[in-house]
Amino acid sequence: MGCIGKGSAVSRTVVALIGYGYWGPNVLRNYMELPSARVKWVCDARPERGEPITARYPSVCFTTSYDEVLADPEVDAVLVITPISTHHELTMRALQAGKHVFVEKPMATSVEQCDDMAAAAEERGLTLMVGHTFVYSPPVRLVKRMLDAGELGDIYFVTSSRVNLGLHQSDVSVIWDLVPHDASILHYWLGEVPSSVSAVGRSCINNGIPDVAFLNLRYASGVIAELQVSWLSPVKLRRTMVVGSRKMLVYDDTENVEKVKVFDHGVDFKEPTTFGEFQLSYRTGDIVSPKIAGSEPLLLEASHFVECVQTGARPITDAIAGRAVVSVLAAAEKSVTSGCPEQL
Ligand SMILES: NC(=O)c1ccc[n+]([C@@H]2O[C@H](COP(=O)([O-])OP(=O)(O)OC[C@H]3O[C@@H](n4cnc5c(N)ncnc54)[C@H](O)[C@@H]3O)[C@@H](O)[C@H]2O)c1
């Protein structure tokens with residue numbers, strides 16, 4: 001069955017969204033708001049997912065056939081919003097059909113798959129972007145600007161807690177589900193891949209699928225980071241702390257207004273001039289919460305993807321960023337099993 005769709009495709013990127021499960025509807029809602037894009041297709045392997053789409057968005061065509069989407073010459077780009085195990089295959093098929101691809105986090109299940117996808121996109125000159133949504137969130141952007149401007153001084157360490165009584169996944173561990181957020185934020189902020197990752201985890205509810213994990217990352221620059229992730233927690237925490245030589249900050253994504261607080265706090269070490277003299281001076285200055293725009297990260301992410309497709313610009317969360325995150329996840333998973341730190 002063909003699909004004519006409605007609206008002019010002139011200067012609008014025509015997209016097809018694959019996977020209309022839990023996350024797909026959020027992505028679709030944002031693409032429907034984008035003047036630079038037109039969603040022509042939604043494709044899901046489950047036929048019953050078509051009904052809510054055609055009822056709410058009559059201009060969008062639904063199909064269960066990925067082949068039908070890829071065979072449509074009008075489709076410029078494909079959005080892969082399916083489970084992680086399908087990312088590599090669906091992305092490769094779309095690239096081979098000459099379509100630009102946005103693929104949800106994490107990019108794939110191994111670094112080898114990421115390399116394969118990156119090479120296929122490069123060869124064809126197609127855009128390949130990974131859905132590291134937090135990189136498009138205004139508070140994360142603000143912290144990036146502060147770090148780049150050297151406001152915090154040298155970064156000593158980062159800690160992060162991403163825990164709540166969350167949706168237990170049946171196919172992936174909490175590492176593959178939640179760590180992509182923190183690993184992508186760290187990659188964006190620090191601009192480097194950790195040199196080693198060690199992790200412990202435990203499968204409390206579902207045997208063989210860890211639902212709690214604690215990761216320790218080391219970077220060549222000297223920065224160390226600790227990430228806590230869990231689907232088992234009495235409270236929801238989305239809190240990251242960055243401690244630098246000049247200032248420190250807390251980024252709390254559960255806060256409605258004051259998501260980032262910058263503390264002019266620190267400790268200065270004075271070189272001893274005489275034997276036995278050891279002086280530290282403690283500084284507790286202002287605490288400032290900068291104003292942050294309330295824009296929706298998913299809309300900014302969608303807009304960036306379409307802009308990259310239209311201009312040929314390289315996405316901020318490109319295949320290199322996608323690979324960097326997957327390398328952390330793979331190393332963490334290995335470390336949980338081996339009990340040893342993994343070098344990257
Ligand atoms: N960026 C974020 O903040 C964020 C948040 C949640 C989920 N995600 C990501 O979104 C992706 C999807 O997660 P979800 O929770 O929506 O999963 P889900 O299982 O709820 O939905 C996936 C949908 O894909 C469909 N599907 C699977 N294989 C298909 C195929 N070959 N062709 C067509 N349809 C197919 C399934 O029928 C299902 O409806 C994952 O990669 C996940 O990590 C990202």
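This text follows the structure it describes.
An account of the accompanying structure is given in this report. (Residues numbered from 1 in each chain as written. Predicted model: local features only at pLDDT ≥ 70, side-chain atom pairs only at ≥ 80, totals over all residues. Heavy atoms only, no water.)

Concerning the sheet that holds strand β12 (residues 248–252)
Strand pairing in a sheet relies on backbone hydrogen bonds. The paired strands run either parallel or antiparallel.
Here is step 1 of the chain: Taken in spatial order, the 9 strands line up as β14-β13-β12-β11-β7-β10-β9-β8-β15 in an open sheet, and their pairing is mixed. Two strands lie at the open edges of the sheet, namely β14 (279–288) and β15 (342–343), each paired on one side alone.
Here is step 2 of the chain: In this fold helix α7 (residues 174–190) packs onto β7 (155–163), β9 (212–218), β10 (224–230), β11 (237–244) and β12, with an angle of close to 150° to the strand it touches most, β10.
Here is step 3 of the chain: Across the sheet, helix α9 (residues 319–338) lies against β8 (196–202), β9 and β15, angled at about 60° from β8, the strand it touches most. (Pairing = 2+ DSSP bridges. Helix = DSSP H or I, 4+ residues; strand = E, 2+ residues; numbered from the N terminus. Contact = heavy atoms within 4.5 Å. Axes fitted to C-alpha atoms, helices over the stretch in contact; angles between N-to-C directions.)

Considerations on the site of the ligand
Here is step 1 of the chain: Lining the immediate surroundings of the ligand are 19 residues, of which Trp23, Asp44, Arg46, Lys105 and Thr133 lie closest.
Here is step 2 of the chain: Its free accessible area being 860 Å², the ligand has 79% of it covered by the protein chains.
Here is step 3 of the chain: Here the residues of the shell around the ligand are counted per class, giving 8 nonpolar, 7 polar and 4 charged. (Near = heavy atom within 4 Å. Areas by Shrake-Rupley, 256 points an atom, 1.4 Å probe, with all protein chains shown as cover. Nonpolar A, V, L, I, M, F, W, Y, C, P; charged D, E, K, R; others polar.)

Thoughts on the pattern of salt bridges
Where charged atoms from two side chains of opposite charge come close, those side chains can pair.
Here is step 1 of the chain: Within this structure, the stated rule accounts for 19 salt bridges.
Here is step 2 of the chain: A salt bridge links Arg29 to Glu296, with the shortest nitrogen-to-oxygen separation between them at 3.2 Å. Placement of Arg29 in helix α1 (residues 24–32) and of Glu296 in the loop between β14 and α8 (297–311) is noted, with a sequence separation of 267 residues between them.
Here is step 3 of the chain: Overall, the relative accessible area of 27% leaves Arg29 in the partly exposed class.
Here is step 4 of the chain: As a salt-bridge pair, Arg283 and Asp268 come within 3.8 Å of each other at their nearest N and O atoms. Of this pair, Arg283 sits in strand β14 while Asp268 sits in strand β13 (residues 260–270), and the two are 15 residues apart along the sequence.
Here is step 5 of the chain: The class of Arg283 is partly exposed, set by a relative accessible area of 25%. (Salt bridge = Lys/Arg side-chain N within 4 Å of Asp/Glu carboxyl O. Buried < 20%, exposed > 50% of the residue type's maximum accessible area, 1.4 Å probe, protein only.)

Quick word on the packing of aromatic side chains
Each aromatic ring pair is summarised here by two numbers: the centre-to-centre distance and the angle between the ring planes.
Here is step 1 of the chain: Inspection of every chain in the model, using the stated rule, returns 3 aromatic pairs.
Here is step 2 of the chain: Residue placement shows Lys144 over the ring face of Tyr188; its charged tip is 5.3 Å from the ring centre.
Here is step 3 of the chain: The positively charged end of Arg162 is found above the aromatic ring belonging to Phe134, 4.8 Å away from the centroid. (Phe/Tyr/Trp six-rings, centres within 6.5 Å; stacked < 30°, edge-to-face > 60°. Lys NZ or Arg CZ within 6 Å of the ring centre and 35° of its normal.)

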